[in-house]
Amino acid sequence: MHCLNLKLTYDCPNNCAFCFSRYMKSEILSLDNLLVTIEKGYRNGARELVLSGGEPTIHEEKFLKCLTAADRIGYEKYIIQTNGSGIAVGESIINFLADFSKRRDVAISFSIHGANSKTHDELSCTSGAFDKLILAMKKIFVETACTIYTNTVITRRNLNELQSIADFVKSFNPEIIQFAVMHAPDLKSLSVGLKESALAIRKLNISRDVLKTEGIPYCFMYGLEECVGESYWPEVLDIYNREGNYLADFNQREHGMRWKAAFCKECLLNEICAGIWTEHKAEFLNSNVRPIK
Ligand code: SF4
């Protein structure tokens, strides 16, 4: 499906150590231009809408007006990436989603950094963040028909907690439990490499139907290829992440975010592989990984 990823705001009550948005909280993304962009995306062919941030649920009016406009225009699938903070406190949001999810395919993708408040709040740099997240997950699970996804960025701090996180979130019957490699090159103390991340994921006792990864290519996930999350990414991705700046058919490699080695041309999965985050280039070249043949 063709997807439009719309950043509603860079504002967020949390201050996650590895989040690029934490330095951009004052960037303005006006409602008027967001509404114009939603129309433009649909005309371009997008039928899936991702609402992201910052934290898209904290500006309730903007959040609800964007969803209402997209619904009227005809978007078919919706993914909301959230830390739960706006959902936990906003009755209007829950009431809206309860009704909306009866008519539309809506997934709420929760960012969870730890299996308990100590780890999650520490990585969020925000006291009470875990309690809000869990309250939001419970509300979505009990009061709406939204599908639940979870996403966990693998860090040195939660590396030994990944199974506990998976066991904990299973009670919300998630369709996807995703683990993502961190890509914040300046945070070496928290960073976990490709190989160590892949090894940790291999040890997890989670159904392969649910387990997904981000940022780890097939050659590190040998035997678990169906869990490589990029395989399920939209065929065409448009991005709106700066005021008035619509990026059609965004390609992460063309923008220097992703990278592949020369030997990737020999790989059987080269055509469908998204490559690695560019900051993992040195580890990739120094590893013994080889193209899949
Ligand atoms: S294309 Fe390159 S990065 Fe992707 S799986 Fe093959 S060898 Fe690995």
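Residues numbered from 1 in each chain as written. Predicted model: local features only at pLDDT ≥ 70, side-chain atom pairs only at ≥ 80, totals over all residues.

Caption draft 1: Quick look at the sheet that holds strand β5 (residues 147-154). Sheet architecture is open: nine strands sit in the order β7-β6-β5-β4-β3-β2-β1-β8-β9, paired in mixed fashion. Of all the strands in the sheet, the pair left with one neighbour each is β7 (211-214) and β9 (245-247). Along the sheet, successive strands turn relative to each other by an average axial angle of 20°, direction set aside. In this structure, strand β3 (residues 77-82) lies alongside strand β4 (residues 105-111), joined through six bridges in parallel fashion. The residue bridging Q81 from the neighbouring strand is S109, located in β4. Relative to the sheet, helix α1 (residues 31-44) contacts β1 (2-7), β8 (236-242) and β9, its axis offset from that of β1 by approximately 170°. (Pairing = 2+ DSSP bridges. Helix = DSSP H or I, 4+ residues; strand = E, 2+ residues; numbered from the N terminus. Axes fitted to C-alpha atoms, helices over the stretch in contact; angles between N-to-C directions. Contact = placed C-beta atoms within 7 Å.)

Caption draft 2: Looking closely at the packing of helix α5 (residues 117-124) against helix α6 (residues 129-143). In contact at an axis separation of 8 Å, α5 and α6 are set at 110° when each is read in the N-to-C sense. Classed by the angle they form, the pair α5 and α6 counts as roughly perpendicular. For the pair formed by α5 and α6, the contact residues are S117, H120, D121 and S124 on the first element and A129, F130, D131 and L133 on the second. By residue class, the composition of the contact of α5 with α6 is three nonpolar, three polar and two charged. (Parallel < 35°, antiparallel > 145°, perpendicular 65-115°, else oblique. Nonpolar A, V, L, I, M, F, W, Y, C, P; charged D, E, K, R; others polar.)

Caption draft 3: View of the pairing of β8. Pairing between β1 and β8: five bridges, direction parallel. If you follow L6 over to β8, its bridge partner there is Y240. By the bridge criterion, three bridges tie β8 to β9 in an arrangement that is antiparallel. Note on β9: the bridge partner recorded for Y240 is Y246. Between β8 and β9, which pair antiparallel one after the other, the connecting turn spans two residues, and G244 there sits at a positive phi close to 75°.

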